[in-house]
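# An overview of the molecular structure
Take a look at the letters that make up each chain.
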Amino acid sequence: MNLTFLHNLRHFLLRAPCLSFCVNEYLFMVKARGIHFQENVQKIGAQVLEQVVRGAYSGINGTDYAYDFNQSEPEVPATPYLPEGFTYLPSQVCPERLPFMKGPVEVNMSEVVLEEVERAVVEQEAHWLRGGLWKPDDCIPRWKVAILVPFRNRHEHLPILLRHLIPILQRQRLQFAFYVIEQAGNEPFNRAMLFNVGFREAMKDMHWDCMIFHDVDHLMESDRNYYGCSDMPRHFAVQLNKYSYMLPYQEFFGGVSGLTVEQFRKINGFPNGFWGWGGEDDDLWNRVQYAGYTVSRPPGEMGRYMSIPHHHRGEVQFLGRYTLLRRSKERQGLDGLNNLRYTPLVSRRTLYTNVTVTLSRDMAPVADY
């Protein structure tokens, strides 16, 4: 199917709010299946080409025709992980590639109550601090990482995320804490503004090295998808199961991403003007590019995630996102961390710090531009 036609059809149908979610999902799945078909055709074509070339040229001067049939997909070199039994001292900095980071992990999406997760974590970990702060005691953490989770009415998903992600971060030997930024009030969900609030509040607690911007329904499938700060800006959730484990488009920056504190300040954070879901991660990609940064991604299947099935439960799609995205560059210095005003309600829970904030459109005023 012609991708230009799909692109034009998508823009036309997105003007109807009731159809927008289904249109997005349907068109991407059509595109994904088309790409899978195209890849299969390319593989078959390459095999036919190889047989033709070898048949035509083999035996000339007693040698095969020298042709590299593997130019398009260079192999990713294996990442060296430390061997079993490797020891290190509490006075040493934690390695980044530890032997107990095995790769694929089981993803359990069964529902669980938060109190059960709290009991399990506290019973196994004596060094857990209220508010969700943890650091290893067998080495010096290489990175201090704040995990920011935007939140509204997803109470059944949060315990699943914590149950899944906490032991992975502990195996990665990071110093970390969770910040759940909960939106109150009746305005449409503003994921980007919540991240800005979370950044401000997290920095009041500690001088973190970097921030992970993490959707509550995303569960990683490999514990080698390292949440440290060395390769940032970084897009972690490259292959999502609901997208057939394919990247929807090259500029896709949604789901789970990370920036250092310095980088996030330099780009002026997220934009505050995206009311409703969709578009804010594309704007963040633009801001990163305009600041001269290059986004990295985990190689191969390391960036695979599963998404907890859900519906947007009355959360509207932001239909004005294309207008804002067209003016992304001129808005970057005007709208973000530097114009945000808010009053938070902060409470320390067993596994995380909860930041509740009532958002309104006058909290981040932007002068005419």
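For clarity, every value in this text was computed on a predicted model and none was experimentally measured.

## Concerning the overall build of the chain
In terms of helices and strands, the chain carries nine helices and 10 strands. The 369 residues of the chain split such that 49% are buried. Contacts in the chain between residues far apart in sequence, at least 24 positions, make up 80% of those at least 6 positions apart. With an accessible surface of roughly 18,800 Å², the chain has 54% of that area assigned to carbon and sulfur atoms.

## What about the pattern of salt bridges?
The final tally for this structure, using the stated rule, is 17 salt bridges. The shortest N-O distance in the salt bridge between E330 and R327 comes to 3.4 Å. A relative accessible area of 42% places E330 in the partly exposed class. Salt bridges linked by common partners bring D283, R287, R331 and D335 together as one network.

## Description of the side chain of D282
By secondary structure assignment, the location of D282 is in helix α7 (residues 280-290). Within the structure, the side chain of D282 is placed 2.7 Å from the side chain of Y249, a separation counted as a polar contact. Excluding residues that lie within four positions of it along the chain, D282 makes contacts with Y249, E251 and L325.

## Remarks on the state of the cysteines
Evaluated as defined, the whole model comprises two disulfides. Each sulfur in the disulfide pair C94 and C139 lies 2.0 Å from the other. What sets the handedness of the C94 and C139 disulfide is the S-S torsion sign, and at about 95 degrees it is right-handed. Highlighted residues: C94 in the loop between α2 (17-57) and α3 (114-124) and C139 in the loop between α3 and β1 (144-151), separated in sequence by 45 residues. Judged by its relative accessible area of 1%, C94 falls in the buried class. Relative accessible area serves as the criterion here: at 3%, C139 is assigned to the buried category. For C210, the disulfide goes to C229, at an S-S distance of 2.0 Å. Residues C210 and C229 are joined by a disulfide whose S-S torsion is about -65 degrees; by sign, that bridge is left-handed.

## Things to note about the sheet that holds strand β6 (residues 239-240)
Pairing in this open sheet of three strands is mixed, and the strands run β4-β8-β6 from one edge to the other. At either margin of the open sheet sits one strand with a lone partner, and together these are β4 (218-220) and β6. Examined bridge by bridge, β6 and strand β8 (residues 304-307) share two bridges and lie parallel to one another. Across the sheet, the residue bridging to Q239 is R304, located in β8.

## Some details on the environment of M306
Looking at the secondary structure, you find M306 in strand β8. Each C-alpha atom, one on M306 and one on K242, is 7.5 Å from the other, the two residues being 64 residues apart in sequence. The contact partners of M306, leaving out residues within four places of it in the chain, are V107, M109, D217, H218, L219, E221, L240, N241 and Y245.

## Focus on the confidence of the model for the chain
In this model, the chain carries a mean pLDDT of 82, and residues with pLDDT of at least 70 account for 75%. Note on residues 13-26: pLDDT under 50 across the span, and 20 contacts to partners over four residues away in sequence or across chains. Ignoring residues within four places in sequence, the model shows residues 35-76, a span with pLDDT below 50, making 17 contacts including any to other chains.

## A short note on α7
α7 sits mainly inside the fold: eight of its 11 residues count as buried. Along α7, the positions that sit buried rather than exposed are E280, D281, D282, D283, L284, W285, R287 and V288. Looking at the buried positions of α7, the neighbouring elements they touch are α5 (191-205), β7 (256-260), α8 (321-326) and α9 (328-331).

Calculation notes
Residues numbered from 1 in each chain as written. Predicted model: local features only at pLDDT ≥ 70, side-chain atom pairs only at ≥ 80, totals over all residues. Heavy atoms only, no water. Helix = DSSP H or I, 4+ residues; strand = E, 2+ residues; numbered from the N terminus. Buried < 20%, exposed > 50% of the residue type's maximum accessible area, 1.4 Å probe, protein only. Contact = heavy atoms within 4.5 Å. Areas by Shrake-Rupley, 256 points an atom, 1.4 Å probe, with all protein chains shown as cover. Salt bridge = Lys/Arg side-chain N within 4 Å of Asp/Glu carboxyl O. Polar contact = N/O pair within 3.5 Å; in protein donor to acceptor, adjacent residues only side chain to side chain. Disulfide = S-S within 2.5 Å. Pairing = 2+ DSSP bridges. pLDDT = per-residue confidence, 0-100.

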